Amino acid sequence: MRLQIKGRNDELTPEIRSYVESKFIRLERQLAEETEVEIELAEETKHGRFTAEATVFAKGQTLRGVESTSDPRASIDKLAETMERQIVGYREKRRLERRRRTEHHRV
């Protein structure tokens, strides 16, 4: 998993960056090594909200999640839970999906 963390309208502190990495390291076991994950963190100055967005570019499908609260850590926690739930569902669907192959012709 390749994790890319971005900040919008604000500079990311090393503390927040390490917190995001610690929360999203759990997803590494469930995703392929070459899967790219983008995390974008933004703070709205007008309403005092903190928004965390994640995009997982998985094989065949793109998974997205957005969470917004007044606390940055709470947004990151909720986003990590949301993305983990989506990834588990994605993996189960791929595992249980019938393979689209032609039948083997025995001659």
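Please refer to the structure placed before this passage.
Predicted, not measured: the structure shown is a model, and the values here were computed from it.

A. A look at the packing of aromatic side chains. One pass over the full model with this rule turns up zero aromatic pairs. In this structure, Arg 73 is placed above the aromatic ring of Tyr 19, and the distance from its NZ or CZ to the ring centre is 4.4 Å.

B. Region of interest: the side chain of Glu 53. Here Glu 53 lies in strand β3 (residues 49-58). With relative accessibility at 19%, the residue Glu 53 sits in the buried group. Among the polar contacts listed, one links the side chain of Glu 53 to the side chain of Arg 8, at a separation of 3.0 Å. Setting aside chain neighbours within four positions, we find Glu 53 in contact with Arg 8, Glu 38, Ile 39, Glu 40, Arg 64, Gly 65, Val 66 and Leu 79.

C. Quick peek at the nonpolar core. Counting 24 residues, the largest nonpolar core has Val 20, Phe 24, Ile 39, Leu 41, Val 56 and Met 83 as its most contacted members. Only α1 (14-24), β2 (36-44), β3 and α2 (72-96) provide two or more residues apiece to this core. Of all the elements, α2 adds the most residues to this core, at six residues. Apart from residues no more than four positions distant in its own chain, Leu 41 is found in contact with Ile 5, Lys 6, Gly 7, Arg 8, Leu 12, Ile 16, Val 20, Phe 50, Thr 51, Ala 52 and Ile 76.

D. Quick look at α2. Taking 1.5 Å of rise per residue, the 25 residues of α2 would be expected to cover 36 Å, and the 36 Å separating its terminal C-alpha atoms lies within 8% of that figure. Along α2, the positions that sit buried rather than exposed are Ser 75, Ile 76, Leu 79, Ala 80, Thr 82, Met 83, Ile 87 and Tyr 90. The elements touched by buried residues of α2 are α1, β2, β3 and β4 (61-69).

E. Focus on the packing of α1 against α2. Where α1 meets α2, the axes come as close as 10 Å, and the angle between the chain directions of the two elements is 25 degrees. Our classification of the angle between α1 and α2 gives roughly parallel. Every pair of crossing elements has a handedness; the one defined by α1 and α2 is right-handed. Between α1, through Glu 15, Ile 16, Tyr 19, Val 20, Lys 23 and Phe 24, and α2, the contact on the second element is made entirely by Pro 72, Arg 73, Ile 76, Asp 77, Leu 79, Ala 80 and Met 83. Residues of the contact of α1 with α2, tallied by class, amount to nine nonpolar, no polar and four charged.

F. Representation of the pattern of salt bridges in the model. One pass over the structure, following the stated rule, counts eight salt bridges. Ionic pairing is found between Glu 15 and Arg 73, a salt bridge with its closest N-O pair at 2.6 Å. Placement of the pair is Glu 15 in helix α1 and Arg 73 in helix α2, with a sequence separation of 58 residues. With a relative accessible area of 29%, Arg 73 lands in the partly exposed category. The closest approach of N and O atoms between Arg 64 and Glu 53, which form a salt bridge, is 3.7 Å. Here the residue Arg 64 occupies a position in strand β4, and Glu 53 occupies one in strand β3, the gap between them amounting to 11 residues.

Rules behind the numbers
Residues numbered from 1 in each chain as written. Predicted model: local features only at pLDDT ≥ 70, side-chain atom pairs only at ≥ 80, totals over all residues. Heavy atoms only, no water. Phe/Tyr/Trp six-rings, centres within 6.5 Å; stacked < 30°, edge-to-face > 60°. Lys NZ or Arg CZ within 6 Å of the ring centre and 35° of its normal. Helix = DSSP H or I, 4+ residues; strand = E, 2+ residues; numbered from the N terminus. Buried < 20%, exposed > 50% of the residue type's maximum accessible area, 1.4 Å probe, protein only. Polar contact = N/O pair within 3.5 Å; in protein donor to acceptor, adjacent residues only side chain to side chain. Contact = heavy atoms within 4.5 Å. Core = buried A, V, L, I, M, F, W, Y, C linked by side-chain atoms within 4.5 Å. Expected span 1.5 Å × (residues − 1). Axes fitted to C-alpha atoms, helices over the stretch in contact; angles between N-to-C directions. Parallel < 35°, antiparallel > 145°, perpendicular 65-115°, else oblique. Left-handed = near helix turned anticlockwise from the far one by under 90°. Nonpolar A, V, L, I, M, F, W, Y, C, P; charged D, E, K, R; others polar. Salt bridge = Lys/Arg side-chain N within 4 Å of Asp/Glu carboxyl O.

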